[in-house]
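Next come the chains, spelled out residue by residue.
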Amino acid sequence: MKRLMMLGPPGAGKGTQAQKLVEAFEIPQISTGDLLRAAKRNGTELGKQAAPFMDNGKLVPDALVIGMVKERITLPDAKNGYIFDGFPRTRTQSEALDEMDVVLDHVISIEVSEPELIRRLAGRRSCKECKAVYHLEFAPPTKADTCDKCGCSPLIQRSDDQPAKIKQRLIEYAAETSPLIEFYQGKGILVQIDGEGDPKEIKKRIQSALGT
Ligand code: ADP
Ligand code: ADP
Ligand code: ZN
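This report concerns the structure included in the present document. Fair warning: this is a prediction, and the values are worked out from it, not measured in the lab. (Residues numbered from 1 in each chain as written. Chains lettered and ligands numbered in written order. Predicted model: local features only at pLDDT ≥ 70, side-chain atom pairs only at ≥ 80, totals over all residues. Heavy atoms only, no water.)

## Describing the overall build of the chain
Part 1: Regarding its fold elements, the chain presents 9 helices and 7 strands.
Part 2: The C-alpha atoms of the chain give 16 Å as radius of gyration, which agrees with the globular expectation for 212 residues (17 Å, within 12%).
Part 3: With respect to the three principal axes, the spread of C-alpha positions in the chain is 45 × 40 × 35 Å.
Part 4: With the model as given, the accessible surface of the chain reaches about 10,900 Å², and the carbon-plus-sulfur share is 52%.
Part 5: The averaged location of the 30 negative side-chain charges in the chain is 4 Å from the averaged location of its 31 positive side-chain charges. (Helix = DSSP H or I, 4+ residues; strand = E, 2+ residues; numbered from the N terminus. Rg over C-alpha atoms; globule rule 2.2 N^0.38 Å. Areas by Shrake-Rupley, 256 points an atom, 1.4 Å probe, with all protein chains shown as cover. Lys, Arg positive; Asp, Glu negative; His and termini not counted. Charge placed at Lys NZ, Arg CZ, Asp CG, Glu CD.)

Written as structure tokens, this is what we have:
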């Protein structure tokens, strides 16, 4: 059983690195952002309740996110472990993990400067079919505006990657999520990673920090 968590501000590269770790460890990525966007797209009750928060760059209420994660980790693919991406994001969410008897092995904190975060978020594009993530400048697809993995075009920009929404998300991160760094450091499971540089290099930093 291996349970990892990617911690870091919006745009730090949590999703990018989580996908690389999925291959290395053969455990699934559980991205609460992806799950919430899917719920929103599918028009579920959860999606309807979460939408106004997401659209304003605010955190979705804890109870909604916790219920969703509780269900997700009971699926068969999670039996050998998983990589949480973007969860927990508040102390209440981390306490809910304790109540579920979920013990994290490592919390991978990805550190990137604010100007770099803003460049990453502003240029982020994704495939609406397979959800692959690109960057206009730093990770462009081979053929302009077309997904390398499934050929879908055009790539889309997330509505919360607009400048005003980015600012609000960074405020939420600083207020609600960043205290978790010290919290997990206190538990002795925090791994701090310099998140600037080539994504492949960052993957190596993570793997060597985890001793794998
Ligand atoms: P998060 O999940 O933390 O919000 P993403 O993994 O979606 O972050 O990355 C945000 C954007 O930055 C994406 O467009 C991605 O292609 C790009 N990106 C990810 N890692 C790097 C990196 N090491 N250097 C430059 N750009 C990166
Ligand atoms: P990023 O890491 O790029 O900021 P995510 O895809 O993780 O973005 O999250 C997008 C949005 O989904 C957040 O701004 C928030 O509204 C909601 N969200 C995702 N995960 C959580 C969570 N654990 N708790 C509360 N809200 C969440
Ligand atoms: Zn695609």
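## Quick look at the coordination of the zinc ion (ligand 3)
Part 1: Donor atoms from the polypeptide that bind the zinc ion (ligand 3) are Cys127 (SG), Cys130 (SG), Cys147 (SG) and Cys150 (SG), placed at 2.3 Å.
Part 2: One can describe the site at the zinc ion (ligand 3) as tetrahedral: its 4 donor atoms subtend angles covering 100 to 118° at the metal.
Part 3: Spacing between the donor residues of the zinc ion (ligand 3) along their common chain follows C-x2-C-x16-C-x2-C. Of the two residues, Cys127 sits in the loop between β5 (124–126) and β6 (133–135) while Cys147 sits in the loop between β6 and α7 (163–177), which places them 20 residues apart along the sequence. (Donors = N, O, S within 2.8 Å, 3.2 Å for Na, K, Ca; no water. Tetrahedral: all angles 85-135°; square planar, octahedral: opposite > 155°, others 65-115°.)

## Observations concerning the site of ligand 1
Part 1: Surveying the vicinity of ligand 1 reveals 18 residues, the closest of which are Lys14, Thr16, Arg124, Tyr134 and Gly197.
Part 2: Between an oxygen atom of ligand 1 and a main-chain N or O atom of Ala12, the distance comes to 3.2 Å.
Part 3: Within the contact set of ligand 1, an oxygen atom lies 3.0 Å away from a backbone nitrogen or oxygen of Gly13.
Part 4: Elements with a contribution of two residues or more to the shell around ligand 1: α1 (14–25), β6 and α9 (199–210).
Part 5: Among the residues forming the shell around ligand 1, the class breakdown is 9 nonpolar, 6 polar and 3 charged. (Near = heavy atom within 4 Å. Polar contact = N/O pair within 3.5 Å; in protein donor to acceptor, adjacent residues only side chain to side chain. Nonpolar A, V, L, I, M, F, W, Y, C, P; charged D, E, K, R; others polar.)

## A look at the sheet that holds strand β1 (residues 2–7)
Part 1: With respect to topology, 5 strands assemble into an open sheet ordered β2-β3-β1-β4-β7, the strand pairing being parallel. The sheet is open, and its two edges are formed by β2 (29–31) and β7 (190–194), each paired on a single side. Between one strand axis and the next, the sheet turns through 20° on average, direction left out of account.
Part 2: Two elements, β2 and strand β3 (residues 81–85), share 3 bridges in a ladder whose sense is parallel. (Pairing = 2+ DSSP bridges. Axes fitted to C-alpha atoms, helices over the stretch in contact; angles between N-to-C directions.)

## Examining the site of ligand 2
Part 1: Around ligand 2 sit 19 residues, and of these Lys14, Thr32, Arg37, Lys58 and Arg169 come closest.
Part 2: Starting from 550 Å² of accessible surface for ligand 2 in isolation, the protein chains cover 96%.
Part 3: If one sorts the elements of the shell around ligand 2 by residue count, helix α2 (residues 32–41) sits on top with 4 residues.
Part 4: Taken together, the residues of the shell around ligand 2 break down into 7 nonpolar, 4 polar and 8 charged.

## Section: the packing of aromatic side chains
Part 1: For the structure on display, the rule yields 3 aromatic pairs.
Part 2: Taken together, a centroid distance of 5.2 Å and an interplanar angle of 65° make the contact between Phe84 and Phe87 edge-to-face.
Part 3: Exposure remark for Phe84: the relative accessible area of 0% places this residue in the buried category.
Part 4: Ring centres of Phe183 and Tyr184 lie 5.0 Å apart, and the angle between their planes is 65°; this geometry places the pair in the edge-to-face category.
Part 5: Aromatic ring contacts, followed pair by pair, group Tyr82, Phe84 and Phe87 into a single cluster. (Phe/Tyr/Trp six-rings, centres within 6.5 Å; stacked < 30°, edge-to-face > 60°. Buried < 20%, exposed > 50% of the residue type's maximum accessible area, 1.4 Å probe, protein only.)

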